[in-house]
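The primary structure of each chain is shown beneath.
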Amino acid sequence: MNKLLTGTVLTVLLSFQAQAAEPVTREHIQQVIDVTDAATKNRDTAGIGAYLSKTFKRIIEFDYGDKYLAKVSVDKKKYLELIDEGWPTLEEYGYQRENTTINVMSDGSSGESYSTITETLSLRGTKMVSKYREHALYALENGQPVITQISGHTLLGDTMREPGE
């Protein structure tokens with residue numbers, strides 16, 4: 001009986017180690033991108049939050065010409081609060097991801113993606129288009145692929161009223 005119990009415990013422990021050692025793959029990253037993009041298009045804050053790590057950081061950079069760079073960083077809780085509060089103020093919202101490149105670290109411990117994000121929104125009757133370059137980092141957390149950080153670089157010239165407005 002002791003041998004059976006010991007064997008079962010060892011099998012369970014080894015299976016947990018095997019799960020922890022599972023590498024991040026391109027498929028993991030693409031899955032996270034697909035699910036969070038769908039959640040974004042549906043203004044589903046909880047759907048986005050489910051794929052953000054516990055230690056998630058969102059970093060946004062704004063260029064002010066050649067001389068200045070402003071950088072804002074928020075944690076997961078604040079990020080989700082901001083988007084949850086912001087979406088109801090928008091009359092229209094559109095989201096599109098293009099030019100995505102996915103890289104996985106050679107040891108499989110993490111990965112990254114680079115994309116161009118275009119958001120089209122209408123706020124108080126004014127339609128605007130915003131384009132930014134997104135860099136996202138990914139890892140496995142409790143066996144689930146998650147986003148650990150998103151940084152984006154928005155050029156002031158990329159945020160504008162819709163053409164003809």
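Rules used in this analysis
- The residue count restarts for each chain, going from 1 along the sequence in the order it is written.
- For a predicted model such as this one, the threshold for reporting local features is a pLDDT of at least 70, and the threshold for listing and counting side-chain atom pairs is 80 or more; totals across whole chains, interfaces and linings nevertheless cover every residue.
- Think of the side-chain values as coming from all heavy atoms in the structure, minus any hydrogens and water.
- Secondary structure counts use DSSP, requiring at least four H or I residues in a row for a helix and at least two E residues in a row for a strand, with both numbered from the N terminus.
- By this rule, a helix spans an expected 1.5 Å times one less than how many residues it contains.
- Relative accessibility thresholds used throughout: buried, under 20% of the residue-type maximum; exposed, over 50%; partly exposed, between the two (1.4 Å probe, protein chains only).
- Here the arc refers to the directions that run from the helix axis out to each C-beta atom.
- Every residue pair with non-hydrogen atoms within 4.5 Å of one another is taken to be in contact.
- Two N or O atoms form a polar contact when they lie within 3.5 Å of each other; inside protein one atom must be a possible hydrogen donor and the other a possible acceptor, and for residues adjacent in sequence the pair counts only when both atoms belong to side chains.
- Any Phe, Tyr or Trp ring, taking Trp's six-membered ring, that has another such ring centre within 6.5 Å forms a pair; planes under 30 degrees apart are called stacked, those over 60 apart edge-to-face, and the others tilted.
- In this text, buried Ala, Val, Leu, Ile, Met, Phe, Trp, Tyr and Cys residues form a nonpolar core when linked through side-chain atoms within 4.5 Å.
- The quantity called pLDDT is the predictor's confidence in a given residue, expressed from 0 to 100.

1. Quick notes on helix α2 (residues 26-41)
Alright, step 1. Spanning 16 residues, α2 covers 22 Å between terminal C-alpha atoms, matching the ideal 22 Å at 1.5 Å per step.
Alright, step 2. All of the buried residues in α2 are His 28, Ile 29, Val 32, Ile 33, Thr 36, Asp 37, Ala 39 and Thr 40. Looking down the long axis of α2, one finds its buried residues gathered within 160° of arc, a one-sided arrangement. Across from the buried face of α2, at angles greater than 90 degrees, the exposed residues are Glu 27 and Lys 41.
Alright, step 3. Of the residues trailing α2, Arg 43 is marked for its positive phi of about 55°.

2. Considerations on helix α4 (residues 76-86)
Alright, step 1. Buried within α4 are the following residues: Tyr 79, Leu 80 and Ile 83. In a view along the axis of α4, the buried residues occupy a sector of 95°, so they form one face of it. More than 90 degrees from the buried face of α4, the exposed residues found are Lys 77 and Glu 85.

3. A closer look at the environment of Arg 124
Alright, step 1. Looking at the element boundaries, Arg 124 is found in the loop between β4 (111-123) and β5 (126-141).
Alright, step 2. Between the C-alpha atoms of Arg 124 and Leu 90, which are 34 residues apart in sequence, the distance is 7.7 Å.

4. Thoughts on the environment of Tyr 95
Alright, step 1. Among the structural elements, Tyr 95 can be located in strand β3 (residues 92-104).
Alright, step 2. Here the alpha-carbon distance between Tyr 95 and Thr 40, two residues 55 residues apart in the chain, equals 7.4 Å.
Alright, step 3. Aside from chain neighbours lying at most four places away, what touches Tyr 95 is Asp 37, Thr 40, Lys 41, Ile 117, Thr 118 and Glu 119.
Alright, step 4. In this structure the side chain of Tyr 95 is engaged in a polar contact, spanning 3.0 Å, whose partner is the side chain of Arg 97.

5. Considering the packing of aromatic side chains
Alright, step 1. Counted according to the given criterion, the structure contains 2 aromatic pairs.
Alright, step 2. Where Phe 56 meets Tyr 79, the ring centres are 5.4 Å apart and the plane angle is 45°; that geometry is what we call tilted. You can see Phe 56 sitting in strand β1 (residues 52-64) and its partner Tyr 79 sitting in helix α4, a full 23 residues away along the chain. Summarising the burial analysis for this pair, Phe 56 and Tyr 79 share the class buried.

6. Regarding the side chain of Ser 122
Alright, step 1. Position of Ser 122 relative to the elements: it lies in strand β4.
Alright, step 2. Leave out the neighbours within four places in its chain, and Ser 122 touches Leu 90, Glu 91, Glu 92 and Lys 127.

7. Quick look at the nonpolar core
Alright, step 1. Counting residues in each nonpolar core, the largest one holds 25 residues, and the members touching the most others are Ile 48, Leu 52, Tyr 79, Tyr 138 and Ile 147.
Alright, step 2. Looking at this core, the elements with two or more residues in it are α2, β1, α4, β3, β4, β5 and β6 (144-155).
Alright, step 3. By residue number, the principal contributor to this core is α2, which donates 4 residues.
Alright, step 4. Contact partners of Leu 52, with chain neighbours within four places excluded, come to Lys 76, Tyr 79, Leu 80, Val 146 and Ile 147.

8. Thoughts on the confidence of the model for the chain
Alright, step 1. Within the chain, residue pLDDT values average 83, and 78% of them lie at 70 or more.
Alright, step 2. When the criterion is pLDDT under 50, residues 1-20 qualifies, and its contacts beyond four places in sequence or with other chains add up to 0 contacts.

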